[in-house]
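Below, each chain spelled out in residue letters.
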Amino acid sequence: MYPIVRREKLADNIYLMDVKAPRVAQYCQPGQFVIVRIDEAGERIPLTICDYNRKENTITIVFQVVGASTQRMTELQAGDAFLDFVGPLGCESDLVHEEIEDLKQKNILFIAGGVGTAPVYPQVKWLHEQGVDCDVIIGARNKELLILENEMRAVCKNLYVTTDDGSYGFKGTVTAKLQELWDNGVRYDHCVAIGPMIMMKFV
């Protein structure tokens, strides 16, 4: 069993959990994911690793309610546990394999839409820990749906926050903010975009 040590509601239908999973916490890298299952009858749910703490042996997951299984997950509280917590799975970020000194010479940008902020965060945090600066654009439909703003601000050089309705930060989409930066002469050598398919297409 994999106990939940923290549960937090980040926004409407978006939740964060810290889960005790020693083996996963010791070996995971930014960009990887886990597959969780609540119990024997539960569906296997793939979730990106949002953060990890090797000292505390915990993995942070963020999920959005999209069906019956994720709805069931919202009922879990600190002290409850997952039956399965399999990982780390998938390929880590390409940035992990680059020379740190080379990364320091690049202008790097991350763009995250909605819950896409969760998989972007560990990559930005990892770069920060290596002494590499990067810029980040995060966006949501409105202020209430923004997640991990303070956490992201603590690990990036410049954070640009956008909302479609203008209720907070830049009024418009993340791609509109990117266009504004481009028009102002800002250039990047490397860009990672995670979010809705249409967003990634236009980035």
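In what follows, the structure referred to is the one given above.
The structure displayed is predicted, hence computed values, not measured ones. (Residues numbered from 1 in each chain as written. Predicted model: local features only at pLDDT ≥ 70, side-chain atom pairs only at ≥ 80, totals over all residues. Heavy atoms only, no water.)

Asker: Where do I start with the overall build of the protein in this structure?
Answerer: Broken down by element type, the protein carries seven helices and twelve strands. What you see for the protein is a C-alpha radius of gyration of 17 Å, in line with the 17 Å of a compact globule of 203 residues. Dimensions of the protein along its principal axes, counting C-alpha atoms only, are 55 × 40 × 25 Å. Burial analysis of the protein (203 residues in total) assigns 44% to the buried set. Pairs at least 24 apart in sequence give 65% of the contacts found in the protein among residues at least 6 apart. Carbon and sulfur atoms make up 47% of the accessible area of the protein, which totals about 10,300 Å². Averaging the coordinates of the 21 positive side-chain charges in the protein and doing the same for the 28 negative ones gives two points 2 Å apart. (Helix = DSSP H or I, 4+ residues; strand = E, 2+ residues; numbered from the N terminus. Rg over C-alpha atoms; globule rule 2.2 N^0.38 Å. Buried < 20%, exposed > 50% of the residue type's maximum accessible area, 1.4 Å probe, protein only. Contact = heavy atoms within 4.5 Å. Areas by Shrake-Rupley, 256 points an atom, 1.4 Å probe, with all protein chains shown as cover. Lys, Arg positive; Asp, Glu negative; His and termini not counted. Charge placed at Lys NZ, Arg CZ, Asp CG, Glu CD.)

Asker: Looking at this structure, I do not really get the packing of aromatic side chains. What am I missing?
Answerer: Any pair of aromatic rings gets described here by the distance separating the centres and the angle formed by the planes. Tallied over the full model, the rule gives three aromatic pairs. Ring geometry for Phe-82 against Phe-85: centres 6.1 Å apart, planes inclined by 50°, an arrangement best described as tilted. Across this residue pair, the class does not change: Phe-82 and Phe-85 are buried. What links up through ring pairs into an aromatic cluster is the set Tyr-2, Phe-82 and Phe-85. Between the NZ or CZ atom of Arg-187 and the centre of the ring of Trp-182, over which it lies, the distance is 3.5 Å. (Phe/Tyr/Trp six-rings, centres within 6.5 Å; stacked < 30°, edge-to-face > 60°. Lys NZ or Arg CZ within 6 Å of the ring centre and 35° of its normal.)

Asker: Would you take a moment to explain the environment of Ala-11 for this structure?
Answerer: Relative to the elements of secondary structure, Ala-11 occurs in strand 1 (residues 2–11). With residues up to four places along the chain from it excluded, the contact list for Ala-11 reads Glu-144, Leu-145 and Ile-147.

Asker: Help me understand helix 4 (residues 117–129), please; the structure alone is not making it clear to me.
Answerer: A turn of α-helix holds 3.6 residues, and therefore any two residues three or four places apart point the same way. Here helix 4 is 13 residues long and its end C-alpha atoms lie 18 Å apart, about the 18 Å a rise of 1.5 Å per residue gives. The buried fraction of helix 4 is high, at ten of 13 residues. For helix 4, every residue scored as buried is listed here: Thr-117, Ala-118, Pro-119, Val-120, Tyr-121, Pro-122, Gln-123, Val-124, Trp-126 and Leu-127. Within two residues after helix 4, Gly-131 carries a phi angle of roughly 80°, on the positive side. (Expected span 1.5 Å × (residues − 1).)

Asker: What is the right way to read the nonpolar core from this model?
Answerer: Soluble globular proteins tend to bury their nonpolar side chains together. Ile-59, Ile-61, Phe-82, Phe-85 and Phe-110 are the most contacted members of the largest nonpolar core, which totals 54 residues. Of all the elements, helix 4 adds the most residues to this core, at six residues. (Core = buried A, V, L, I, M, F, W, Y, C linked by side-chain atoms within 4.5 Å.)

Asker: Can you help me understand the sheet that holds strand 7 (residues 84–89) in this one?
Answerer: Either a parallel or an antiparallel arrangement is found when strands of a sheet pair, and the pairing is made through backbone hydrogen bonds. Pairing in this open sheet of seven strands is antiparallel, and the strands run 6-1-2-5-4-3-7 from one edge to the other. Two strands in the sheet have a free side with no partner beyond their single neighbour: strand 6 (81–82) and strand 7. As paired elements, strand 1 and strand 6 share two bridges and run antiparallel to each other. Within strand 6, the residue paired with Pro-3 across the bridge is Ala-81. Those strands touched by helix 4 are strand 4 (45–53) and strand 5 (58–64), and its axis lies near 30° from that of strand 4. (Pairing = 2+ DSSP bridges. Axes fitted to C-alpha atoms, helices over the stretch in contact; angles between N-to-C directions.)

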